[in-house]
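Examination of the molecular architecture
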Amino acid sequence: MISDCLLGLNESHLVPLAEPGHRLQPQARDAFVAMQAAAAGAGFTLAPASSFRGFARQLAIWNGKFDGSRPLLDEDSRPLNALALSEPERIHAILRWSALPGTSRHHWGTDLDIYDPTLLPAGGKLQLEPWEYEPNGYFYPLSQWLNANMHRFGFYLPYAVAGSIGAEPWHLSYQPLSQRYQQQLTPALLAPALAAQPIKGKPHILNMLDELFARYIYQ
């Protein structure tokens, strides 16, 4: 069902990338492979750090941030104490950097996080934080190349500028498909799936769902 694919509950729409463990939809995969080849010609190794992520994985991330067992960051990437926040405050804090399960663009097989492993310094570890892609960051040359070229392959940055969601210069989306899926994702579609899942903060999430869509999904 298309609804299950939208919500990350079905994986039948995916094909593997050359990099083990990574999957996209066929059309998005072909476009990404073509962009990888063009990047290689410009001297970059364009690699996925994350691609498809299902509902269960997003749920684990959400619940870990909600109960304090995973790091929770503020808008400046500084640590927050999740348990010192009210549940509604926690929900908004999580949504700054992590999607509500069922709403992640990574569910669709159209979006992926990218980096260039050859630009990491020796012993360096990928953080997926904005400073890595900004001037003086490891991946700034790659970001410049992507900003000039990714549109030729159908990709764009859905979180190019910080708003309710923090800026994510590593997150690419294949617009010919993702734009349509974003329009199809609605609170009415998501609510029954969330009601059936062990998501922390569920009563507040369901009560706030229209607001959360307006602020974090339709931005």
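Our structure is the block above this text.
Source: prediction; values computed, not measured.

**Structural notes on the packing of helix α4 (residues 87-95) against helix α9 (residues 209-217)**
Relative orientation of the contacting elements α4 and α9 amounts to 25°, with a least axis distance of 11 Å. Judged on the interaxial angle alone, α9 and α4 are roughly parallel. With respect to the hand of their crossing, α4 and α9 are arranged in right-handed fashion. Together, I91, H92 and L95 of α4 and E211, L212, R215 and Y216 of α9 make up the contact between the two elements. Here the contact of α4 with α9 is composed, by residue class, of 4 nonpolar, 1 polar and 2 charged.

**Let's talk about the pattern of salt bridges**
This model, assessed by the stated rule, comprises 5 salt bridges. Among the salt bridges present, the one from D76 reaches R78, with a minimum N-O distance of 3.3 Å. Residue classification places D76 among the partly exposed residues on the basis of a relative accessible area of 49%. Where salt bridges share partners, they join D74, D76 and R78 into one cluster.

**Regarding the nonpolar core**
Counting residues in hydrophobic clusters, the biggest one holds 57 residues, and the most contacted among them are M35 and F155. If near-sequence neighbours (up to four positions away) are discounted, M35 is found in contact with L46, W145, L146, M150, F153, F155 and L172.

**Observations concerning the environment of Y140**
Assignment of secondary structure puts Y140 in helix α5 (residues 140-149). For the pair formed by Y140 and L212, sequence separation is 72 residues and the distance between their alpha carbons is 32 Å. Among all residues touching Y140, those that are not within four sequence positions of it are E132, Y133, E134 and P135.

Procedures and definitions
Residues numbered from 1 in each chain as written. Predicted model: local features only at pLDDT ≥ 70, side-chain atom pairs only at ≥ 80, totals over all residues. Heavy atoms only, no water. Axes fitted to C-alpha atoms, helices over the stretch in contact; angles between N-to-C directions. Helix = DSSP H or I, 4+ residues; strand = E, 2+ residues; numbered from the N terminus. Parallel < 35°, antiparallel > 145°, perpendicular 65-115°, else oblique. Left-handed = near helix turned anticlockwise from the far one by under 90°. Contact = heavy atoms within 4.5 Å. Nonpolar A, V, L, I, M, F, W, Y, C, P; charged D, E, K, R; others polar. Salt bridge = Lys/Arg side-chain N within 4 Å of Asp/Glu carboxyl O. Buried < 20%, exposed > 50% of the residue type's maximum accessible area, 1.4 Å probe, protein only. Core = buried A, V, L, I, M, F, W, Y, C linked by side-chain atoms within 4.5 Å.

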